[in-house]
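# Coordinate analysis (summary)
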Amino acid sequence: MDHFKSQVLLILNEIPAGECIAYGELAKLAGFPGYARQVGRLMKILPKDTKLPWHRVINSQRRISFAENTDAYLRQKAKLEQEGWTIVGNKLTVNELFNR
DNA sequence: TCTTGGGCGCCCA
DNA sequence: GTGGGCGCCCAAG
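Residues numbered from 1 in each chain as written. Chains lettered and ligands numbered in written order. Predicted model: local features only at pLDDT ≥ 70, side-chain atom pairs only at ≥ 80, totals over all residues. Heavy atoms only, no water.

### Quick word on the protein's contact with DNA strand C
Close to DNA strand C lie 15 residues, the nearest being Y23, R37, K44, N59 and S60. Each atom of DNA strand C within 4 Å of the protein belongs either to a base or to sugar and phosphate, the latter forming 48%. Where the surface near DNA strand C is concerned, the elements lending two or more residues are α2 (23-29) and α3 (36-44). Ranked by residue count, the leading element in the surface near DNA strand C is α3, at five residues. Class assignment for the residues of the surface near DNA strand C results in seven nonpolar, six polar and two charged. (Near = heavy atom within 4 Å. Helix = DSSP H or I, 4+ residues; strand = E, 2+ residues; numbered from the N terminus. Nonpolar A, V, L, I, M, F, W, Y, C, P; charged D, E, K, R; others polar.)

See the structure below:
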């Protein structure tokens, strides 16, 4: 378990329900600016039954980084909606009650 | 808005 | 050693 993984997973684990974060932001918070792609790679290798909130990680455009027809996209969308987000196309809209 | 193109750090064949 | 390919990012048009 290298430093990068443990830090990223640690930060990820601290993200409360109803929040979301970009790959680049997550990397930066973990202390590895510029490691956005590695974060994506890391998410990919997580086990399906992980309790980590991988679905709260999106790209900098506030979009889901999957094509709409894919399985992964649908699973992420479902989880986010479950936490109060509204998603149109692959775009997350602002939750008006919490004002973000 | 959407599309391109360049850049990025790392993994794998 | 080398060339592709990623759950990306950013700046232009």
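### Regarding helix α1 (residues 3-13)
Taken residue by residue, α1 has F4, V8, L9, I11 and L12 as its buried positions. Each buried residue of α1 sits inside an arc of 160 degrees when the element is viewed along its axis, so together they form one side. Elements in contact with the buried residues of α1: α2, α3 and β2 (57-58). (Buried < 20%, exposed > 50% of the residue type's maximum accessible area, 1.4 Å probe, protein only. Arc of directions from axis to C-beta. Contact = heavy atoms within 4.5 Å.)

### Examining the protein's contact with DNA strand B
Near DNA strand B, the surroundings consist of G34, Y35, R37, Q38, R41 and R63. In DNA strand B, atoms within 4 Å of the protein come from the sugar-phosphate backbone in 57% of cases. Between DNA strand B and the protein, one listed contact pairs a base nitrogen with a side-chain N or O atom of Q38 at 2.7 Å. Here a phosphate oxygen of DNA strand B sits 3.4 Å away from a polar atom, N or O, in the side chain of R63. For the surface near DNA strand B, the per-class residue count stands at one nonpolar, two polar and three charged. (Polar contact = N/O pair within 3.5 Å; in protein donor to acceptor, adjacent residues only side chain to side chain.)

### Things to note about helix α4 (residues 71-82)
Helix length check: α4 (twelve residues) gives 17 Å between terminal C-alpha atoms against 16 Å at 1.5 Å per residue, within 8%. Among the residues making up α4, those that are buried are A72, Y73, Q76 and L80. The buried side chains of α4 occupy one side of the element, clustering within an arc of 100 degrees when seen end-on. For α4, exposure combined with an orientation more than 90 degrees from the buried face picks out D71 and Q82. Against β2, β3 (86-88) and β4 (91-93) lie the buried residues of α4. Here α4 starts with a cap whose side-chain oxygen sits 3.3 Å from the backbone nitrogen of Y73, and that cap is T70. Phi turns positive one or two residues past the end of α4, at G84, with a value near 100 degrees. (Expected span 1.5 Å × (residues − 1).)

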